[in-house]
Structures are given as structure tokens and as C-alpha cells.
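# Structural features, examined
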Amino acid sequence: MKNLLVTGGAGFIGSNFVIYMLDKYPEYNIVVYDKLTYAGNLDNLLEVSDNPHYHFVKGDICDAATVAQAIQQYDIDTIVNFAAETHVDRSIMDPDAFIQTSVYGTYVLLEAAKQFGLERYHQISTDEVYGHIPHGQSSKETDKLDPRSPYAASKASADLMVNAYFVTYGLPVTITRGSNNIGPYQYPEKVVPLFSTNAIDGLPLPVYGDGRQMREYQYVLDHCEAIDLVLHKGVLGEAYNIGTGVEMENMRMVEILLDALDAPRSLIRHVEDRPGHDRRYSLDIAKIRALGWEPRHTAEEAIHQTAQWYQANEWWWRKIKSGEFKAYYQAQYGKRLAESGGQ
Ligand code: NAD
Ligand code: TYD
């Protein structure tokens, strides 16, 4: 493993992974291949832009010719696929791009990996493929996939395709299924950066329903370390869950976030719930632990640190929130907040 094509590398987790890998493996070449959708942002990669081992190609993973060209030009031996449409609420509004990128795009990348005889194809997946998990249970990698949103269904479809290429063609694949990541460079549509930036501006925090849904909030660099471990030590054909193993109610997350920013609880606004909202995700992380990985941050530390990063990095998020985001925010929250008596 020496020359990696990191698809979706200009997004949140992908860019953190690229920065982490260039630092840890100075001899590797990292090529970011990204369509630069609304969520792709070259500001995320500014800190490595002068690194001679970093390269950027603008391209769509659904475009087989451009994918093949990038693989040949940079003598790629490994694909790590982060590229996806990633926001559940947008998948409810318009699922089309989710299916295009995660289903067809993953197929294009798998075909390219087969055609060029790559050493490894690694798929970045999510705990959402398991669906809602009742209290007292946690998802094992061998559990049935039971996705319930268009986003989760598009990701589960990709996992199944990856597995099919392993079984049918012997393609050397691995999959990691991460829980909710938080940290620097997360587009402020996701709950922790949305709530942090709203709180900084004294705006309401739109909590869906009763806010007692449970998520496993993990620090993005812990996730990146685990992906690195699976790339180097993972068993081919296997999936690995990556999380903290500890889930938290959204209301608790909101309290930690508000305290970290010294902002008042009066900003909390309960609004109409998300349709089909999964109440609880919970991962069994024994398998990745057995490879020698432990999360370095608790959810509390991750939320606190993330909220403070947004406080210290207004240069990064203010231009996002003043652009396309405004129309999205109005469509997603305008009516909900008006009905809850908010702004
Ligand atoms: P993100 O939305 O921040 O970034 C996605 C990136 O993919 C963007 O840079 C975008 O431009 C790019 N992209 C989208 N469609 C593309 C296409 N057709 N061709 C090329 N590039 C394209 O997402 P993220 O939060 O960084 O998530 C990255 C991956 O991790 C996704 O596969 C997601 O499903 C998975 N994941 C995310 C989380 C989370 O909490 N954010 C948790 C588990 C798994
Ligand atoms: P999100 O960051 O969208 O991630 P996911 O739905 O993929 O887990 O949401 C995390 C949790 O926060 C989820 O239970 C939905 C909730 N949420 C809100 O209560 N309000 C919001 O405005 C958003 C975006 C999410």
C-alpha cells in the first residue's frame, strides 16, 4: 500500500483521514478524488495543500473514464471510498443523488478496482445500515442489514455490492461501519456543527421530537485511526464496526454542547420529528477492539472539543452558512421553527 485514491476526500471524514494519513505515512501518496458537491470543500484540505505527496482530482465516482484515468496517472494500489451523499434529512427530501453515488458510484469503483487489480478496496459505511436497535441490544457485523432511510438504504446497498465483489471475483475488500462522527470540518447541516454554530449566534437549536433518540458520537480522528488499522491489519472480506460502544441521548449531547459554549438552555426548541427517525443506534465494537484499537475520546470529550473548534474557526463555517445553506435551512426548518414558536 503506497498510492491511495481517497474518494470523497474533500468532505468531513475524508479530509480528516487525508490529513491524518499524510502525517502518519509521509512516504504514501494520497490522491483525493472528489466531485465537490455542496459538501465537498477544499478549505478542509488547506493544511496539506503544499504537501508534494497530496494530489487533487475533481471527478465523479460515477464517471468510469475519469476514475480509470486517475488510477493510471497516479499508479493507485488502494481505493478508500468516502464519497457519498450523507445527510439523512436531504435523503428524505430528494433521494436521487444518494442512489446514484452510493449504488452506481460504488459499482464503478469496484469495477475499476477489479480491472486494475488493486491491492485493496475499502468501503466507508455506517451504523445506520443496521436500522433502529432496541434497548439492551447492540449491532454485530454479522447482523442483518435493516436500513430505514433512503440514505441508510443507499449505504447498505453499497455494502452488499462490495461483499458480492469479494465473493464472486475475489476482490480484496474491507468495510468499516462507523457511528456518528464529530470534529473539525463537518458541514453544518449535521446536528453537532449545526447546533454549535446556531448557539454561537444565539439562534434556536431545533431538536427533533423529544430529543431522546440515541446516537454514538465519536471523535473523527478516532474513526480515522480505526480505518487505518483495518487497512493494514483487517481480514479481507470482513466488516468492522467503529464507535465508542456507548450511546447517548441527543438531549444530553445538547446540554454538553451548550455548556462548552457557555450558551443558555433557553435556545433549545423542540420541533416536528424527522419521518422514520431511528430512535437508537448501538454498535458492538469487540471485533475492532480485538485488532488492537480503542477510542481515545469519550463522547463528552468529543462534543466539548468539537463545539470549541467551531467557536475558534468561524472563518471556516461562516461562508458556508451564508451561501446555499440558507435555502436548505429555510426548507428544512422554516415551518418547523415557526410552528414551535421560534425564528
Ligand atoms: P460529507 O458529506 O462531509 O462528504 C462527502 C464527500 O463526498 C464530499 O466531499 C462530496 O463532494 C463527495 N462526493 C459526493 N458525491 C460524490 C461523487 N458522486 N463523486 C465524488 N465525490 C462525491 O460526508 P462525511 O460525513 O465525511 O462522510 C464520509 C463517508 O463516511 C460517507 O460514505 C458516509 O456515509 C460515511 N459515514 C459518515 C458518518 C458521519 O457521522 N458523518 C458516520 C459513518 C459513516
Ligand atoms: P444527524 O447529525 O443528522 O445524523 P444521523 O441522523 O445520521 O444520525 O443527526 C443526529 C441526531 O440528531 C439524530 O437523532 C437526529 C437529531 N437531529 C436533531 O434533533 N435536530 C437537527 O436539526 C438535526 C440535523 C438532527
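Numbering of residues begins from 1 in every chain and follows the order in which that chain's sequence is written. The lettering of chains begins at A and the numbering of ligands begins at 1, in the order of writing. Whole-chain, interface and lining totals are the exception, using all residues; otherwise, since this is a predicted model, local features are given only for residues with pLDDT of at least 70 and side-chain atom pairs are given and counted only at 80 or more. With hydrogens and water excluded, all non-hydrogen atoms of the structure serve as input to the side-chain values.

Next up on the list: the pattern of salt bridges. Think of a salt bridge as a Lys or Arg side-chain nitrogen and an Asp or Glu carboxyl oxygen that are within 4 Å of each other. Counted according to the given criterion, the structure contains 23 salt bridges. A salt bridge links Arg274 to Asp89, with the nearest nitrogen and oxygen atoms 2.7 Å apart. Taken together, the residues span a long stretch of sequence, with Arg274 in the loop between strand E13 (268-271) and helix H9 (286-290) and Asp89 in helix H3 (residues 88-93) at a distance of 185 residues. Each of the two residues, Arg274 as well as Asp89, counts as buried. Asp278 serves as the salt-bridge partner of Arg148, at 2.4 Å between the closest nitrogen and oxygen. Of the two residues, Arg148 is situated in the loop between strand E5 (120-126) and helix H5 (150-169) and Asp278 in the loop between E13 and H9; the sequence distance between them amounts to 130 residues. Per-residue accessibility, obtained with a 1.4 Å probe over protein chains only, is compared with the maximum for each type, and a residue is labelled buried under 20%, exposed over 50%, and partly exposed between these values. Its relative accessible area of 45% is what places Arg148 among the partly exposed residues. Overall, the relative accessible area of 4% leaves Asp278 in the buried class. Put simply, DSSP marks the helices as runs of H or I at least four residues long and the strands as runs of E at least two long, and each gets a number from the N terminus on.

In this structure, Leu36 is a non-glycine residue whose phi angle is positive, near 55°. Mapped onto the elements of the fold, Leu36 is located in the loop between strand E2 (29-34) and strand E3 (54-58). With a relative accessible area of 25%, Leu36 lands in the partly exposed category. At Tyr185, a position not held by glycine, the phi torsion is positive, near 70°. With respect to the helices, strands and loops of the structure, Tyr185 is situated in the loop between strand E7 (181-182) and helix H6 (191-200).

Nonpolar cores are built from buried Ala, Val, Leu, Ile, Met, Phe, Trp, Tyr and Cys residues. Side-chain atoms within 4.5 Å join them into one set. By size, the foremost hydrophobic cluster in this structure holds 77 residues, and its most contacted members are Phe17, Val18 and Met21. Per-element accounting of this core gives the leading share, eight residues, to helix H1 (residues 12-24). Residue contacts for Met21: discarding those within four places in its chain leaves Leu4, Tyr28, Ile30, Asp228, Leu231 and His232. Any pair of residues with heavy atoms lying within 4.5 Å of one another is described as a contacting pair.

What follows is about the side chain of Asp228. Tracing the backbone shows Asp228 in helix H7 (residues 220-233). Looking at Asp228, its side chain comes within polar contact range of the side chain of Tyr20, at 2.8 Å. Side-chain polar atoms of Asp228 contact the side chain of Tyr25, separated by 2.6 Å. Excluding residues that lie within four positions of it along the chain, Asp228 makes contacts with Phe17, Tyr20, Met21, Lys24 and Tyr25. Polar contact is the term for a pair of N or O atoms within 3.5 Å; when the atoms are in protein, one must be able to donate a hydrogen and the other to accept it, and sequence-neighboring residues count only if both atoms are side-chain atoms.

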